[in-house]
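# Coordinate inspection notes
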Amino acid sequence: MSALMSLERFAVIVDAYGADPRRWPAAERDAAQAFAAADAQAAVLLAEALALDAGLDALPIPEPASAALRRAAMPLPVTARSSRWQELLALLGGWRLALPAMAVSLIVGINVGSRANLGSWTADAATRTETASASGSNTLAAPGFAESLMLDLESSTP
Amino acid sequence: MANYAIGFAVCTEWPEGRSTVQSAPMMALLSPPAFDDADLADVVLAGAGDRLAFARIVGRNIDALIRFAERMLGSRAEAEDVVQDVFLRAWKQTANWRSGEARFSTWLHRVAMSRCIDRVRGRRETSLDDMSLLVSSDPPPDHGLHQQSVAQRVQLALAGLAERQRAAVILCHYEEMTNIEAAATLEISVDALESLLARGRRALRAALLPERQALIGDLT
């Protein structure tokens, strides 16, 4: 028995970590190696552990990770579109300011657009009415697609 | 040490999501680790969204994780699934990482071990005694027939161990982790680790008794 290592403790170390001193606890490695060199019973324990270590080492080493696995292990990139939207939103002052601004723009746009359309449509209808009355046709206003189709069907019916 | 906030040792399951703790990278810098962690600087950068830093973490750890998972499961395909899952979780975790309790690589191994044990238990529910599932069907071509046979028996013997005994043997024997790192991965004391290892190795010795002479003959 060594002053630093008992046979019992040496047996526990070898039983747990095997015969290779590299795997032994760093704090006890030197003492255990000194004990192994000096004690006959230690050699028996080491031989038994060595056989099992050899058995474990017969298992092949798994292949390193493939390039495909390395790629698959990476997180998906943040899309450029989402970050640009976020930047645009930030420029507009965030949702709290952007939403009311968009709503006001929409209302103003619809209002202006409908007035302009109504004016041109009214003027166009008046022109068509005048033309129709001059030509004797009964079309009173600009026909839509469905109306045009109906008129075509009527005119082709004997 | 006590002010390192959430202890790694008490958090087996981490909260999902990356944005809950915005100041985590700064806290990681302010908390000096008690040991060298090769991943720490990149964990801080990855926590702020740096994918290149995360790629370096993947590069440093993926081979060890795939070896560990394949030996735990005996299946390459399942090991790859586990590794992908571990890194997906790791990407979410980097923003919340608190240094000081353990290396990031130790945490990665812990997550991998947990996923492997879940899979092994899932198989057991499917088939209580089909140990062949744990033995890889594709031994490498450069091994002789006898060596293949020994390797398969060793793998079968490993597969017959309780999951935590198997994990302890793989971490200490194959991955050559220190006893402190292995104990941290398993969330147990060093004494408990030694007990797990001793029971595991005794069971392996009993299972491989018929191969003993062949092994000694081959390897001496």
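The shown structure was predicted, so the numbers you read here are calculated from the model rather than taken from an experiment. (Residues numbered from 1 in each chain as written. Chains lettered and ligands numbered in written order. Predicted model: local features only at pLDDT ≥ 70, side-chain atom pairs only at ≥ 80, totals over all residues.)

### Re the overall build of chain B
Which entries qualify depends on this criterion: A run of DSSP states H or I qualifies as a helix once it reaches four residues; a run of E qualifies as a strand once it reaches two. Both are numbered from the N-terminal end. With C-beta atoms placed from the backbone, a residue counts as buried when 20 or more other C-beta atoms lie within 10 Å of its own, as exposed when 12 or fewer do, and as partly exposed for counts between those limits. Contact definition: two residues whose C-beta atoms, as placed from backbone geometry, lie within 7 Å.
Tallying secondary structure elements over chain B gives 10 helices and zero strands in all. The N-to-C order of helical and strand elements in chain B reads α-α-α-α-α-α-α-α-α-α. Here chain B holds 220 residues, and the buried ones make up 40% of them. A sequence separation of at least 24 residues applies to 68% of the contacts in chain B between residues at least 6 apart.

### As for the overall build of chain A
The secondary structure content of chain A amounts to seven helices and zero strands. Mapped from its N terminus to its C terminus, chain A presents α and β elements in the order α-α-α-α-α-α-α. Looking at the 158 residues of chain A, the share that counts as buried comes to 15%. The contacts in chain A between residues at least 6 apart in sequence include a share of 46% that link residues at least 24 apart.

### Quick word on the confidence of the model for chain B
Residues and elements named next belong to chain B. Selection rule: Each residue gets a pLDDT score, which is the predictor's confidence in that residue and runs from 0 to 100.
The share of residues in chain B with pLDDT of 70 or more is 70%, and the mean pLDDT across the chain is 80. Mean pLDDT across the secondary structure elements of chain B bottoms out at helix α1 (residues 24–30), with 43, and peaks at helix α7 (residues 163–174), with 98. The low-confidence segment residues 1–30 (pLDDT under 50) makes 42 contacts with residues lying over four places distant or belonging to another chain. Reported confidence for the predicted complex is 0.74 by ipTM and 0.66 by pTM.

### Some details on helix α4 (residues 76–93) of chain B
Worth spelling out the cut-off: One less than the residue count of a helix, multiplied by 1.5 Å, gives the span that helix is expected to have.
Taking 1.5 Å of rise per residue, 18 residues should cover 26 Å, and α4(B) covers 25 Å from first to last C-alpha, within 8% of that figure. The complete set of buried residues in α4(B) reads Ala79(B), Val82(B), Val83(B), Val86(B), Phe87(B), Ala90(B), Trp91(B) and Gln93(B).

### What to know about the interface of chain B and chain A
Each side of the interface is counted separately: chain B has 40 residues, and chain A has 28 residues. Ranked by the residues each element gives to the side of chain B that touches chain A, the list is headed by helix α3 (residues 51–73) of chain B, at 10 residues.

### Remarks on the packing of α3(B) against α7(B)
Residue and element names in this part refer to chain B. Rule in force here: Structural elements are reduced to axes, namely lines fitted to C-alpha atoms, with helices fitted over the stretch in contact, and the angle between N-to-C directions of any two is expressed from 0 to 180 degrees. Small angles under 35 degrees read as roughly parallel and large ones over 145 as roughly antiparallel, with 65 to 115 read as roughly perpendicular and the rest as oblique. By convention the crossing between two helices is left-handed if the near helix lies anticlockwise of the far one by an angle smaller than a right angle, and right-handed if it lies clockwise. Under the scheme applied, nonpolar residues are Ala, Val, Leu, Ile, Met, Phe, Trp, Tyr, Cys and Pro; charged residues are Asp, Glu, Lys and Arg; polar residues are all the others, including Gly.
α7 packs onto α3 with a crossing angle of 140° between their chain directions and a minimal axis gap of 10 Å. Taken together, the axes of α3 and α7 are oblique relative to one another. When the axes of α3 and α7 are compared, the crossing they make is right-handed. Residues Arg67, Phe68, Arg71 and Met72 of α3 form the contact with α7, whose participating residues are Arg166, Ala167, Ile170 and Tyr174. Looking at the contact of α3 with α7 residue by residue, the class counts come to five nonpolar, no polar and three charged.

### Comments concerning the environment of Ser195(B)
Residues and elements named next belong to chain B. Assignment of secondary structure puts Ser195 in helix α9 (residues 190–207). Judged by the 17 C-beta atoms lying within 10 Å of it, Ser195 falls in the partly exposed class. Linking Ser195 and Gln165, residues 30 residues apart in sequence, is a C-alpha distance of 9.2 Å.

### Description of the packing of helix α1 (residues 7–17) of chain A against helix α3 (residues 40–57) of chain A
Residues and elements named next belong to chain A. Closest axis-to-axis distance for the α1/α3 pair is 10 Å, and the angle between their directions is 10°. Overall, the two elements α1 and α3 adopt an arrangement that is roughly parallel. Counting all contacts with α1, which are made through Leu7, Phe10, Ala11 and Val14, the residues of α3 involved are Gln41, Ala42, Leu45, Leu46 and Ala49. Taken together, the residues that form the contact of α1 with α3 break down as eight nonpolar, one polar and no charged.

### Describing α1(A)
If you check which residues of α1(A) are buried, you get Phe10(A), Ile13(A), Val14(A), Asp15(A), Ala16(A) and Tyr17(A). Considering only its buried residues, α1(A) is in contact with α2 (29–38) and α3 of chain A together with α7 and α9 of chain B. Immediately downstream of α1(A), the backbone of Gly18(A) shows phi near 90°, a positive value.

### Quick look at the nonpolar core
All names here are of chain B. The criterion, for reference: For this analysis, nonpolar core means a set of buried Ala, Val, Leu, Ile, Met, Phe, Trp, Tyr and Cys residues linked through C-beta atoms within 7 Å.
Leu65, Ala69, Val83, Val86, Ala112 and Ala168 are the most contacted members of the largest nonpolar core, which has 70 residues in total. It is α3 that contributes the most residues to this core, 10 residues altogether. Other than its neighbours up to four places away in sequence, Ala112 contacts Leu65, Phe68, Ala69, Val82 and Val86.

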